[in-house]
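Spelled out from the first residue to the last, the chains are:
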Amino acid sequence: MAVGPDQNPLYIGFDLSTQQLKGLVVNSDLKVVYISKFDFDADSRGFPIKKGVLTNEAEHEVYAPVAMWLQALDSVLDGLRQQGLDFARVKGISGAGQQHGSVYWGDRAEALLQNLDPSKSLEDQLSDAFSHPYSPNWQDSSTQQECDEFDSYLGSQEALAQATGSKAHHRFTGPQILRFQRKYPDVYQHTQRISLVSSFLASLFLGHVAPFDISDVCGMNLWNIKQGAYDEKLLQLCAGSFGVDDLKRKLGPVYEDGGLNLGSIHRYYVDRYGFNPDCTIIPATGDNPATILALPLRPSDAMVSLGTSTTFLMSTPSYKPDPATHFFNHPTTAGLYMFMLCYKNGGLAREQIRDAVNDKLGASDDVWANFDRTALQTPPMGQKTESDPMKMGLFFPRPEIVPNLRAGQWRFDYRLADGSLHETDGSWDKPLDEARAIVESQMLSLRLRSRGLTTSPGDGMPAQPRRVYLVGGGSKNKAIAKIAGEILGGSEGVYKLEIGDNACALGAAYKAVWALERSNGQTFEDLIGQRWKEEDFIEKIADGYQAGVFEQYGKAVEGFEKMEQQVLRQERR
């Protein structure tokens, strides 16, 4: 059943997120031709979940039933079939999985995976394949003790970040495995393999347990990124009395090539759905790495997700880890890294100040009109003259992790002349000064923590991103985009990226296209960049670098860093 010469091959990218499974089909030209979704709350049968998960509040546990994901996969494939997808044209499959989640395979896993019967569902056949029926979710916060141990085991949080790209986090898989083997020692002993959510998804299509992806493995606090291998000391901590060799066997191998041919699709899918038996399975990656593959992100390009929370992603050749940030191996391109920042406070903080501005000025049909006008009329850092102090603040409706602070608001005046910093409310016209200050605060934090990861675009311009891409709800706001360009720069400007909620599935599908159609040595950025049509996805919405303004904000970054440190010292007293 080879694909005919006149038929454009198809590729499927799956996205196994917290609340749904999505299958998205693209052709070789990257055009989306089919989408099928399974919403866990609305569509699943027999699972008492809420927003895709179950919770044990007494122990701060958040987890999902793995059998529900099996139910979802058959349903998504049925949905694609009902839409008319000719599965025989599908040349390759990859996927994206919610990062850090783990799946525990039992003694019978390999036999059950290898002997799937096409007349039965995956749920009916594989429910007994797991030593533990649940997968810890990224929202789980039950591992504080284990995180403390990870953070101190190599000497400090800084040392752990240097080795693994991140300090310890509740959701990271290493601390989760450590807690699991302590809480369920008998179950752990009979666990044959441990998958990440991404490699679990690939395993279902292969008919045997798949290896971890080179990028997603970095979300475990176990992979030494510079060494390109598991960190032996951290494995000792995580394995406990069960031993390092046992844990290595459970984790399995990791391969550097993100486009590796893992093998052909299992016969189950050929007989049940009509897949081509030569359909190739490509390593599935994490949801954040898949997001940066949703466009041909070049080194030093930056992507800012302006949703309820704020996420900053950058592709960079520089490896400069810090406990406040995340570094991962790039999912496709050796020699590149993925830099990531995660903030809990984003849209909520902006909306809180927007509402206060509307209360003062009077609401209009456009709820953002007053906020936008006020933010743009306020001079940068509130300085009407060069001798005025810079107004800067921190605005956290909910506790923040970057920096690690309680919910609260802090306002400061910073004088460039002598570097003095004073906490004050008196000089602020609240909430009007705050409209610009909240956007500046969020963007200055991004610029502070991404310093040293960008390069100069030439022509005497300072180091900055080539482009800044904005995604999420806040990307529609041109006032926010203008301020983002002034602070972050962007030698080619600020762009709105319109991919809806399809980024992860798109990135996974593009990964499959690249893996199977690349020429020898051809990078993801090169192949996808040649085929990716900008006009279909992006719109330039603001200028980036502005001489003088960018440099002035560079001075503000120094004051912003000093402000954060002062607040942290105050809160720790």
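Here's what I pulled together on the structure shown here. (Residues numbered from 1 in each chain as written. Predicted model: local features only at pLDDT ≥ 70, side-chain atom pairs only at ≥ 80, totals over all residues. Heavy atoms only, no water.)

**Here we look at the pattern of salt bridges**
1) Next: Counted under the stated rule, the structure contains 33 salt bridges.
2) Next: Residues Arg-267 and Asp-271 are paired through a salt bridge, measuring 3.1 Å at the closest nitrogen-oxygen approach. Here Arg-267 pairs with Asp-271, and both are found in helix H12 (residues 267-273), just 4 residues apart, close to one helical turn.
3) Next: The partner of Lys-360 in a salt bridge is Asp-429, and the shortest N-O contact between them spans 3.2 Å. Here Lys-360 is found in helix H14 (residues 347-361), whereas its partner Asp-429 is found in the loop between strand E23 (420-423) and helix H16 (432-449), with 69 residues between them in sequence.
4) Next: What makes Lys-360 partly exposed here is its relative accessible area of 44%.
5) Next: What emerges from the salt-bridge pattern is a single network uniting Asp-301, Arg-466, Arg-467, Glu-492 and Glu-534. (Salt bridge = Lys/Arg side-chain N within 4 Å of Asp/Glu carboxyl O. Helix = DSSP H or I, 4+ residues; strand = E, 2+ residues; numbered from the N terminus. Buried < 20%, exposed > 50% of the residue type's maximum accessible area, 1.4 Å probe, protein only.)

**Overview of the packing of helix H10 (residues 232-239) against helix H11 (residues 244-251)**
1) Next: It is the contact of H10 with H11, at a shortest axis distance of 9 Å, that shows an interaxial angle of 95°. Accordingly, the angle class assigned to the pair H10 and H11 is roughly perpendicular. Residues Glu-232, Leu-235, Gln-236, Cys-238 and Ala-239 of H10 touch H11, and the partners they reach there are Val-244, Leu-247, Lys-248 and Leu-251. (Axes fitted to C-alpha atoms, helices over the stretch in contact; angles between N-to-C directions. Parallel < 35°, antiparallel > 145°, perpendicular 65-115°, else oblique. Contact = heavy atoms within 4.5 Å.)

**Remarks on the side chain of Thr-454**
1) Next: Position of Thr-454 among the secondary structure elements: in the loop between H16 and strand E24 (468-471).
2) Next: Classification of Thr-454 as buried rests on a relative accessible area of 16%.
3) Next: A polar contact of 3.4 Å, which involves the side chain of Thr-454, links it to the backbone nitrogen of Gln-464.
4) Next: Leave out the neighbours within four places in its chain, and Thr-454 touches Ser-300, Met-314, Ala-463, Gln-464 and Pro-465. (Polar contact = N/O pair within 3.5 Å; in protein donor to acceptor, adjacent residues only side chain to side chain.)

**Topic: the sheet that holds strand E8 (residues 134-136)**
1) Next: Pairing in this open sheet of 3 strands is antiparallel, and the strands run E4-E5-E8 from one edge to the other. Because the sheet does not close on itself, it has two edges, and the strands there are strand E4 (54-56) and E8. Averaged over all adjacent pairs, the angle separating strand axes in this sheet is 35°, with direction ignored.
2) Next: Sitting on the sheet, helix H2 (residues 66-82) touches strand E5 (61-65) and E8, and the angle it makes with E5 is about 40°. (Pairing = 2+ DSSP bridges.)

**Focus: the packing of aromatic side chains**
1) Next: The final tally for this structure, using the stated rule, is 27 aromatic pairs.
2) Next: Put simply, the rings of Phe-14, Phe-87, Phe-205, Tyr-268, Tyr-269, Tyr-273 and Phe-275 pair up and form one aromatic cluster.
3) Next: Geometry around Trp-368 places Arg-354 over its ring, the cationic atom sitting 4.8 Å from the centre.
4) Next: Here the guanidinium or amino end of Arg-518 rests over the ring plane of Trp-514, the centre of that ring lying 4.4 Å away. (Phe/Tyr/Trp six-rings, centres within 6.5 Å; stacked < 30°, edge-to-face > 60°. Lys NZ or Arg CZ within 6 Å of the ring centre and 35° of its normal.)

**Side note on the side chain of Gln-176**
1) Next: Within the secondary structure, Gln-176 is located in helix H7 (residues 173-183).
2) Next: You can call Gln-176 buried: its relative accessible area is 5%.
3) Next: Dropping the residues within four chain positions of it, Gln-176 is found in contact with Tyr-104, Pro-136, Asp-140, Thr-143, His-170 and Arg-171.

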